[in-house]
Amino acid sequence: MPNIGPAELIVILLVALVVFGPRKLPELGKSLGHGLREFRKSTQGLKAELDGVNIVATPVVEQPVTVAQTAAPVAAAAVTPPRNAEA
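Residues numbered from 1 in each chain as written. Predicted model: local features only at pLDDT ≥ 70, side-chain atom pairs only at ≥ 80, totals over all residues. Heavy atoms only, no water.

With that settled, the discussion passes to the overall build of the protein chain. Looking only at helices and strands, the protein chain features two helices and zero strands. Looking at the protein chain as a whole, 3% of its 87 residues are labelled buried. Roughly 8,400 Å² of accessible area belongs to the protein chain as shown, and the carbon and sulfur atoms make up 68% of that amount. (Helix = DSSP H or I, 4+ residues; strand = E, 2+ residues; numbered from the N terminus. Buried < 20%, exposed > 50% of the residue type's maximum accessible area, 1.4 Å probe, protein only. Areas by Shrake-Rupley, 256 points an atom, 1.4 Å probe, with all protein chains shown as cover.)

In this structure's numbering, the residues bearing the UniProt feature "transmembrane region" (unreviewed entry) are residues 6–22. Taken end to end, residues 6–22 is 100% helix and 0% strand, and its first and last C-alpha atoms sit 21 Å apart. (UniProt positions renumbered as here; feature names shortened; annotations may be inferred.)

With that settled, consider the pattern of salt bridges. Scanning all chains against the criterion turns up one salt bridge. The residue Lys-24 makes a salt bridge to Glu-27 at a minimum N-O spacing of 3.8 Å. Here Lys-24 pairs with Glu-27, and both are found in helix α1 (residues 6–57), just three residues apart, close to one helical turn. (Salt bridge = Lys/Arg side-chain N within 4 Å of Asp/Glu carboxyl O.)

On to a nonpolar patch on the surface, then. Side chains of Val-11, Val-15, Val-19, Phe-20 and Leu-28 sit close together on the surface and give an oily, nonpolar patch of about 440 Å² of accessible area. Inspection of the secondary structure assignment puts Val-19 in helix α1. (Patch = residues over 30% accessible without salt bridge, like charges linked within 9 Å, V, L, I, M, F, W, Y side chains within 5 Å.)

With that settled, consider the environment of Leu-17. One can find Leu-17 in helix α1. The class for Leu-17 is partly exposed, based on a relative accessible area of 36%. Residue contacts for Leu-17: discarding those within four places in its chain leaves Pro-22 and Leu-25. (Contact = heavy atoms within 4.5 Å.)

What follows is the structure, encoded as structure tokens:
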């Protein structure tokens, strides 16, 4: 896409001035500004909504299990004799 330089911008503004006239040009600029502002608000709202969905959908990472938490049940099971051995 070619860049628009100052010369091209002046030509575009002159053509717009001739086509729309000096009275309508400020009104068109104002309505264009309002339209761009509304478009920006809607895209930001959509982006925020999608980010909110991504935050809710992400899984929660569990805390890692420490060695002390896993060693206690294993040691207790090794010391307790099975019930079938007494009978």
